[in-house]
Amino acid sequence: MKTIIAACSQNLSGSRASVQTALRTLLAAPWPSQRDVRSWLQLLAVLQWVLSFLLLGTVSLLLLIYLVFTSFWPISALYLAWIIFDWDTPEKGGRRLPCLRRWPVWKHFRDYFPVKLVKTHDLSPSHNYIIGSHPHGILCVGAFCNFITGSTGFAEMFPGIRPFLTTLAGNFRLPVFREYLMSGGLCPVTRSAIGYLLSKNGTGNAVAIVIGGAAESLSCRPGVTTLILKNRKGFVRMALQHGAYLVPSFSFGENDLFRQVVFEEGSWMRSIQQRFQKMMGFAPCVFYGRGLTSVQSRGFLPYARPITTVVGEPVTVPKIEDPSCETVDMYHEMYVRSLLKLFNENKTKYGLSETDELRIL
């Protein structure tokens, strides 16, 4: 019996020593620094945003279709009834959730690049505005971060102004994704949706439109600043019809977030992209960014490059219900001149050289 007790005591002593050794090894191991933790949080914030925009709508649609063939089919039926009931809401200002705009994850999203908003002139809450957002880039990171999240201080810089950002109307036909978009303040880039915000939602509304759209994304590449703007005049006509001031904005660094395979004009691949864009509303870009594990690997996450969005001086626009083509052309030229002035005055401050020019097609 004494032998058994002695053996047990020896085993307990050995186990205690092993635990103590393991604890000492664990405590001696290097813990992640605050900088490492911040970097991981920033990467995760960008990852959830990219996955939301690329996959949330499609995955939700496939899931609801799958549930139709299971015992959970009432979920799909109820959501379909909700979409039918709520079909016109995106065209009538959407359904903003201030808590989502203040979500702490957006601060990590902002700091990953980082994204900065620069104000050059005041915007009076007694007017409505159409903000032209340039350039499109691949995923419009600057426009989203500045006009949809509250992380860059838009509300503090422009008190009394409610920002909205327009995107493809087809996005609001995708289940769950439409709720995500509306909660942040996104609305369809349609005449009825923009007209509602500019005429039936009071004053102090700023509707941001990425003027170049999907066509501009095909020319997105680092070191080249090309805008599709010369024949884009619908936003000017809408501004005149509603008396909304035109405000140029430019996101320096937007084109540096991804690398894109740019096909030359006239090539068969470029033709396929253009035809797809006309049919579907968006262009299938062949691009890549960094991977999840390291900057050297390739993946679908944007590179960490600084983005500075400069909001320029408003162009005063009168209200003309049926503006002539000559009037539209005149205010379009005024807008282009204001945008060029904004670009030339700020390009050397935010990563471009004095010789860099803004190419407008």
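Residues numbered from 1 in each chain as written. Predicted model: local features only at pLDDT ≥ 70, side-chain atom pairs only at ≥ 80, totals over all residues. Heavy atoms only, no water.

Chemist: I'd love a proper account of the side chain of Glu 254, names of residues and values included.
Modeler: Residue position: Glu 254 is located in the loop between strand 7 (245–252) and strand 8 (259–260). Buried charged residue Glu 254 carries no salt bridge. Nearest counter-charge: Arg 259, at 12 Å. If we skip the residues at most four places from it in the chain, Glu 254 touches Pro 135, His 136, Gly 137, Cys 140, Val 141, Gly 142 and Ile 307. (Helix = DSSP H or I, 4+ residues; strand = E, 2+ residues; numbered from the N terminus. Buried < 20%, exposed > 50% of the residue type's maximum accessible area, 1.4 Å probe, protein only. Lys, Arg positive; Asp, Glu negative; His and termini not counted. Salt bridge = Lys/Arg side-chain N within 4 Å of Asp/Glu carboxyl O. Contact = heavy atoms within 4.5 Å.)

Chemist: Account for the sheet that holds strand 4 (residues 186–188), with residues named and values stated.
Modeler: On the basis of which strands lie adjacent, the open sheet formed by 7 strands has the order 1-11-7-2-5-3-4 and mixed pairing. Edge strands, defined here as strands with exactly one partner in the open sheet, are strand 1 (115–119) and strand 4. Averaged over all pairs of adjacent strands, the angle between their axes in this sheet comes to 25 degrees, without regard to strand direction. Where strand 2 (residues 129–134) meets strand 5 (residues 205–210), 5 bridges bridge the pair, whose relative direction is parallel. Pairing of Gly 132 across the sheet is with Ile 209, part of strand 5. Against the sheet, helix 13 (residues 325–346) makes contact with strand 2, strand 7 and strand 11 (307–311), and its axis sits at roughly 35 degrees relative to strand 7, the strand it touches most. (Pairing = 2+ DSSP bridges. Axes fitted to C-alpha atoms, helices over the stretch in contact; angles between N-to-C directions.)

Chemist: If you had to explain the packing of helix 2 (residues 34–68) against helix 8 (residues 177–184) to someone new, which residues and values would you point to?
Modeler: Put simply, helix 2 and helix 8 touch, their axes get as near as 9 Å, and they point 135 degrees apart. One way to sum up the angle between helix 2 and helix 8 is to call them oblique. Of the residues in helix 8, those touching helix 2 at Gln 48, Trp 49, Ser 52, Phe 53, Leu 56 and Gly 57 are Phe 177, Tyr 180 and Leu 181. Looking at the contact of helix 2 with helix 8 residue by residue, the classes come out as 6 nonpolar, 3 polar and no charged. (Parallel < 35°, antiparallel > 145°, perpendicular 65-115°, else oblique. Nonpolar A, V, L, I, M, F, W, Y, C, P; charged D, E, K, R; others polar.)

Chemist: So what about the sheet that holds strand 9 (residues 287–290)? Which residues, and what values?
Modeler: Within the open sheet, the 3 strands sit side by side as 8-9-10. Their pairing is antiparallel. Edge strands, defined here as strands with exactly one partner in the open sheet, are strand 8 and strand 10 (298–299). Summarising the sheet, strand 9 and strand 10 pair through 2 bridges and their orientation is antiparallel. In the sheet register, Gly 289 faces strand 10, and the bridge partner there is Gly 299.

Chemist: So, the UniProt feature "transmembrane region" (unreviewed entry) in the protein: which residues are in play, and what are the values?
Modeler: The UniProt feature table records "transmembrane region" (unreviewed entry) at residues 63–85. End-to-end, the C-alpha atoms of residues 63–85 are 21 Å apart, and along that stretch the chain is 83% helix and 0% strand. (UniProt positions renumbered as here; feature names shortened; annotations may be inferred.)

Chemist: Lay out the environment of Gln 48 in plain terms, naming residues and giving numbers.
Modeler: Note on placement: Gln 48 falls in helix 2. Of note is the side chain of Gln 48, whose polar atom sits 3.1 Å from the backbone oxygen of Ala 45. (Polar contact = N/O pair within 3.5 Å; in protein donor to acceptor, adjacent residues only side chain to side chain.)

Chemist: Mind laying out the nonpolar core, listing which residues take part and the relevant values?
Modeler: Among the nonpolar cores identified, the biggest contains 46 residues, and Trp 49, Phe 109 and Phe 113 are the most heavily contacted of them. If one sorts the elements of this core by residue count, helix 2 sits on top with 6 residues. Every residue in contact with Phe 113, bar those within four places of it in the chain, is listed here: Val 46, Val 141, Leu 257, Pro 302, Tyr 303, Ala 304, Arg 305, Pro 306 and Ile 307. Listed in part, the 33 residues of the second largest apolar core include Leu 198, Val 207, Met 238 and Phe 250. (Core = buried A, V, L, I, M, F, W, Y, C linked by side-chain atoms within 4.5 Å.)

Chemist: Give me the lowdown on the packing of helix 2 against helix 3 (residues 73–85), citing residues and values where you can.
Modeler: Put simply, helix 2 and helix 3 touch, their axes get as near as 7 Å, and they point 125 degrees apart. Here helix 3 runs oblique to helix 2, going by the angle between their axes. Like other packed secondary-structure pairs, helix 2 and helix 3 cross with a definite hand, here left-handed. Contact with helix 2, carried on its side by Leu 64, Leu 67 and Val 68, involves Trp 73, Ile 75, Ser 76 and Tyr 79 of helix 3 and no other residues of that element. Of the residues assigned to the contact of helix 2 with helix 3, the class counts are 6 nonpolar, 1 polar and no charged. (Left-handed = near helix turned anticlockwise from the far one by under 90°.)

Chemist: Account for the environment of Thr 203, naming residues and giving values.
Modeler: Looking at the element boundaries, Thr 203 is found in the loop between helix 9 (191–199) and strand 5. Separated by 41 residues in sequence, Thr 203 and Arg 162 have C-alpha atoms that sit 9.0 Å apart. Among residues more than four places away in sequence, those in contact with Thr 203 are Pro 125, Ser 126, His 127, Asn 128 and Arg 162. In terms of polar contacts, Thr 203 uses its side chain to reach the backbone carbonyl oxygen of Pro 125, at 3.0 Å.

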